[in-house]
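Here's the letter readout for the chains.
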Amino acid sequence: MQGDDEYAEDSSDEEDVRNTVGNVPLEWYDDFPHVGYDLDGKHIYKPLRTRDELDQFLDKMDDPDHWRTVQDRMTGHDMRLTDEQVALVQRLQRGQFGDVSFNPCEPAVDFFSGDLMIHPVTNRPADKRSFIPSLVEREKVGPALPLGARPWPALTKPRPQVSRMVHAIKMGWIQPRRPRDPTCSIYDLWAQEDPNAVLGRHKMHVPAPKLALPGHAESYNPPPEYLPSEEECLAWEQQEPSERKRDFLPHKFPSLRAVPAYSRFIQERFERCLDLYLCPRQRKMRVNVDPEDLIPKLPRPRDLQPFPTCQALVYRGHSDLVRCLSVSPGGQWLASGEPAWGQSQNGGQGEGQVLRPYLPRPGSDDGSLRLWEVATARCMRTVPVGGMVKSVAWNPSPTTCLVAVAVEDVVLLLNPGLGDRLVVGSTDQLLSAFAPPEEPALQPARWLEASKSERQRGLRLCICHDKVGALGVLEEDGGGQGGSSSANLALLQPVTQVTWHGRGDYMAVVLATSGHTQVLIHQLSRRRSQSPFRRSHGQVQHVAFHPVRPFLLVASQRSVRLYHLLRQELTKKLVPNCKWVSSLAVHPAGDNVICGSYDSKLVWFDLDLSTRPYRVLRHHKKALRAVAFHARYPLFASGSDDGSIIVCHGMVYNDLLQNPLLVPVKVLKGHVLARGLGVLDVAFHPTQPWVFSSGADGTIRLFT
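Not measured: the values here are computed from a predicted model. (Residues numbered from 1 in each chain as written. Predicted model: local features only at pLDDT ≥ 70, side-chain atom pairs only at ≥ 80, totals over all residues. Heavy atoms only, no water.)

J.: I keep staring at the overall build of the chain and nothing clicks. Help me out?
T.: A count of helical and extended segments in the chain gives 12 helices and 33 strands. Considering the chain as a whole, with its 704 residues, one finds that 34% of them fall into the buried category. Across the chain, the fraction of contacts at a sequence separation of at least 24, relative to all contacts at a separation of at least 6, is 51%. Working note: accessible area of the chain is about 47,400 Å², and carbon and sulfur atoms make up 54% of it. (Helix = DSSP H or I, 4+ residues; strand = E, 2+ residues; numbered from the N terminus. Buried < 20%, exposed > 50% of the residue type's maximum accessible area, 1.4 Å probe, protein only. Contact = heavy atoms within 4.5 Å. Areas by Shrake-Rupley, 256 points an atom, 1.4 Å probe, with all protein chains shown as cover.)

J.: Sorry, what's going on with the sheet that holds strand β23 (residues 581-586) here?
T.: The strands making up a sheet associate through hydrogen bonds between their backbones, and the pairing can be parallel or antiparallel. Strand order in the open sheet made by the 4 strands is β23-β24-β25-β26, with antiparallel pairing throughout. Whereas interior strands pair on both sides, the edge strands pair on one side only; in this sheet they are β23 and β26 (615-617). The average angle at which neighbouring strand axes cross in this sheet is 20 degrees, direction not considered. The pairing of β23 with strand β24 (residues 592-597) spans 5 bridges and is antiparallel. Each bridged residue has a counterpart across the sheet, and for V586 the counterpart in β24 is V593. (Pairing = 2+ DSSP bridges. Axes fitted to C-alpha atoms, helices over the stretch in contact; angles between N-to-C directions.)

J.: Explanation requested: the layout of surface pockets in the structure shown.
T.: With a probe scaled to a water molecule rolled over the atoms, the places where space remains empty come into view. Considered as a void within the structure, the second largest pocket measures approximately 990 Å³ in volume. What lines the second largest pocket is a set of 26 residues, among which E218, F248, Y262, R264 and E268 lie closest to the centre. Split into classes, the residues belonging to the lining of the second largest pocket amount to 15 nonpolar, 3 polar and 8 charged. (1 Å grid on protein atoms, 1.4 Å probe; cavity = no way out; pocket = protein on both sides within 12 Å on 5 of 7 lines; lining within 4 Å. Points joined across faces, edges and corners; volume = space filled by probe spheres on them. Nonpolar A, V, L, I, M, F, W, Y, C, P; charged D, E, K, R; others polar.)

J.: Explain the packing of aromatic side chains to me, please; I cannot follow it from the model alone.
T.: A ring pair, where both rings are aromatic, is described by two values, the distance of the centres and the angle of the planes. By the definition in use, this model includes 9 aromatic pairs. Three or more aromatic residues link up through ring pairs in this structure, and these residues are Y315, W372 and F692. Over the ring of W236 we find R244, and its NZ or CZ is 4.1 Å from the ring centre. Over the ring of Y614 we find R615, and its NZ or CZ is 5.0 Å from the ring centre. (Phe/Tyr/Trp six-rings, centres within 6.5 Å; stacked < 30°, edge-to-face > 60°. Lys NZ or Arg CZ within 6 Å of the ring centre and 35° of its normal.)

J.: Honestly, the environment of L276 in this entry has me stumped. Any pointers?
T.: Within the fold, L276 resides in helix α6 (residues 265-278). Taking C-alpha positions, L276 is 7.0 Å from A208, a pair spaced 68 residues apart along the chain.

J.: Where do I start with the pattern of salt bridges in this structure?
T.: Opposite charge on two side chains allows them to pair when their charged atoms are near. For the structure shown, the criterion picks out 12 salt bridges. A salt bridge links R129 to D127; the nearest nitrogen and oxygen atoms lie 3.3 Å apart. Close ionic contact of R701 with D697 constitutes a salt bridge, the shortest N to O distance being 3.5 Å. According to the relative accessible area criterion, R701 is buried, its value standing at 7%. Members of the salt-bridge network, linked through shared partners, are R124, D127 and R129. (Salt bridge = Lys/Arg side-chain N within 4 Å of Asp/Glu carboxyl O.)

J.: Please clarify how the side chain of S391 should be interpreted in this entry.
T.: Along the chain, S391 falls in strand β10 (residues 389-394). Overall, S391 belongs to the buried group, its relative accessible area being 8%. In terms of polar contacts, S391 uses its side chain to reach the backbone amide nitrogen of V498, at 3.2 Å. Sequence-distant contacts of S391, that is, excluding residues within four places in its chain, are made with C324, A404, V405, A406, T496, Q497 and V498. (Polar contact = N/O pair within 3.5 Å; in protein donor to acceptor, adjacent residues only side chain to side chain.)

Dropping the structure here:
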């Protein structure tokens, strides 16, 4: 019989296509047209995938075995899973074993019996490693040497593991295992409960105080010294129940049987119940705090130098109190003003007195403006202004020599003629270069030129803030009688403060009037005046220009408002929590403001932090009259009616997350109190750590 040929049914489709790349990641072939190599070393090309989703969907609907078709990643071809492979996948998905014939619930075979036997189960000899010390343990613990034996050189090397274990055993970090306690541990089930809960309240229970034990006086047979006399009994009955030392009088009885019932027993029990019911009891945790820890850690004053420490010069020459002072931008000259007491009693005559109230009148105690040399305390010039000098401000521009003086209802602009002649001459040229407009606009103030005699004394311009209507009537009458003079005085608008902008062209004045015209801004180059506000928010006390931004700070009695001059809107409102604000100063950087008040407070504001005070300093005992910042050094000072000037270190950091450091460093004294007033104004030298102060004793003092 001839056998069948085994190669008759062979075909090329049944060839075993096997990829021989091994464990090489298939991602390496993503950019190649082949996926590996076969047994002959030829490329196994990836099948073409040109079918779209529609073709795949049609194949899925036409092929009933599509659900068991998977793609072989090694060759890239589709292969059909057999029934055995599908069953294996389903068993693995159900969490069963892959082998069908494996029974996980077979009965366990007990190879060893539970009885204790004498002979071992096997007679296999023990291994050599069972009685030879382990090499790993010898590395950790060290070899055990017999007595008198010398260790090997290789074993004497220090081992870090051995030293660490020995050190841990000595320190008690490695402890032998303790035998377990068979007894069950009992713990509090409600230990982690909320203390505010009903069950947790019992932990905070405070027992009621016990009654005091009875003494000898409560005994039925007290000693004789505890028995009161008749006078003591009468005095006890006359006292109030709350003033009595005891609620009863001790009595003596021959025996316990003779003791009657206590008459106040029910009342005492009732009062005891009331005490337990009405008196709350709470357990307070006492905190032991060192008082030294509550004091802030401030640096020593000697580490914060330089700052003024002693009096160097005294400028004498004023006959009355010195209300104001100002230092020139270069720091070489000093201007101060003196009021004229009793001037209002002198009734002036003549047209010049009405139109120019700043002219001196003979025979009266007129006020004056004095110009001093800082280094020598020498009075260089005395300019009589004919009225009470309320404020003096030196122009901050170094190329301009000009002083603004507030006298009654006018602001005088004087060229003192001190210092560089080129600067003095350029100032006069600047003022004379003004050309008046053809149609003058209506302004809240009048700009008047000085006459020749007035120019010889240094006066250049005069800004009048009186009522124009009343002055016009007096001009038409060709003079003034007594009634006209009184009408003029009634319509005066006194100037209380004058201050310059940092560039020296604008000037702000404060008028002691009611309404929206309390603050006026004057422009020197164009000789224009304007009122920036439409309504009033209280009596204005002080104004200041922001040194960097176009802001104007206006301080009223209870608040400080920050206005944006370009946008013409209110930016911030600072609340100093003071009864009456008296003075104001802005830090040279512009982010901090200090205010002085008449209720002895100095308030520091951080504009970037809050509208509430950052710090309130109560170092003075009386009202504060003036506050000032130094232009270069981190210093600020305050003057008060107690006659002292307090200099403080105020460091402002560039880091916005760090708060300013405020440290009082020195208390300067030297002024004598007069009329209940002390220091009226303070000002720092522009370049040196010096401070000037003017007082009610008529002197100006320099502290260096």
